[in-house]
Structures are given as C-alpha cells and as structure tokens.
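Results of the structural survey
Spelled out, the chains give:
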Amino acid sequence: QVQLVESGGGLVQPGGSLRLSCAASGITFSTYYMSWYRQGPGKERELVARISPTTGTTNYADSVKGRFTISRDNAKTTVYLQMNSLNLDDTAVYYCHARFLWGVKDYWGQGTQVTVSS
C-alpha cells in the first residue's frame, strides 16, 4: 500500500518560514520524481517544486524561486520543502506527489494546510 504522509504545515506570519516533510512508503522511492503542489482558496492546483530521483535536479514555479527549496533523502524516503519569506499568496493546501520515473504511475498525499496570516 502506497502512502505519502505530509507534515509540517501550520499558521505562520508573513516573512516567516516553514518546513514541510513528506514520508513515502510502499514505493521504491529512488525511482520516483517527487513534487510539491499547492491549491490555494479558489485556485487550481499548481506545481510548486519538483526534484528528480537520482541527480537531484530541481524545478520551481516562478512564484517561489529563491524562497523555497525542495530536497530529498532517499535513505529516509522523505522529501522536504523549505519555505522562507512566506507571503499571503503562499496560503494553500500543499500536496506531496510521486511520479514513477519510467511510467505513468503516480500518487498523492492527503495534503497539509499552510496559512500565512498576520
């Protein structure tokens, strides 16, 4: 059974930081692209950041470049999202996503709420 379990969300003031974690089980973690998506109030789900399985190549949405950092620990089967300089527009439910390197299999976590508010 595949599970992606996010943690680390919460309420933070503008300018603050949070670190999200996503612990994966039931997959061969080192063969999956890992991504963070988010869906804000009244908005469509969007890709925030992605990291490749072996080279660690990363991609970011323009809106978070320079503020967010995605990383992964294949030994711990966990992907992280360090979020700095948070602003009101970062308020969203953040979802962890896994996509198989050589196929179409993919999985979603249940999401974790991030609220940026003063």
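Residues numbered from 1 in each chain as written. Predicted model: local features only at pLDDT ≥ 70, side-chain atom pairs only at ≥ 80, totals over all residues. Heavy atoms only, no water.

The phi dihedral of Thr77 falls on the positive side, at around 45°, and the residue is not glycine. Turning to its location among the elements, Thr77 is positioned in the loop between strand E7 (68-73) and strand E8 (78-83). Taking the relative accessible area as the measure of exposure, Thr77 reaches 24% and is therefore partly exposed. A positive phi is found at Ser85, a non-glycine position, where the angle reads about 50°. Inspection of the secondary structure assignment puts Ser85 in the loop between E8 and strand E9 (92-100). What makes Ser85 partly exposed here is its relative accessible area of 42%. (Helix = DSSP H or I, 4+ residues; strand = E, 2+ residues; numbered from the N terminus. Buried < 20%, exposed > 50% of the residue type's maximum accessible area, 1.4 Å probe, protein only.)

With 29 residues, the main nonpolar core has Met34, Trp36, Val79, Leu81, Met83 and Tyr94 as its most contacted residues. Among the secondary structure elements, those contributing two or more residues to this core are strand E3 (18-25), strand E4 (32-39), strand E5 (46-51), E7, E8, E9 and strand E11 (112-116). Here this core takes five residues from E9, the largest share from any one element. When residues no more than four places from it in sequence are discounted, the contact partners of Leu81 are Leu18, Arg19, Leu20, Trp36, Val48, Ala49, Phe68, Thr69, Ile70 and Tyr94. (Core = buried A, V, L, I, M, F, W, Y, C linked by side-chain atoms within 4.5 Å. Contact = heavy atoms within 4.5 Å.)

By definition, a disulfide links the sulfur atoms of two cysteine residues through a covalent bond. Evaluated as defined, the whole model comprises one disulfide. Between Cys22 and Cys96 runs a disulfide, and the two sulfur atoms are separated by 2.1 Å. Between Cys22 and Cys96 the sulfur-sulfur dihedral comes to about -80°; the bridge is accordingly left-handed. Placement of the pair is Cys22 in strand E3 and Cys96 in strand E9, with a sequence separation of 74 residues. Grouping residues by exposure puts Cys22 and Cys96 together as buried. (Disulfide = S-S within 2.5 Å.)

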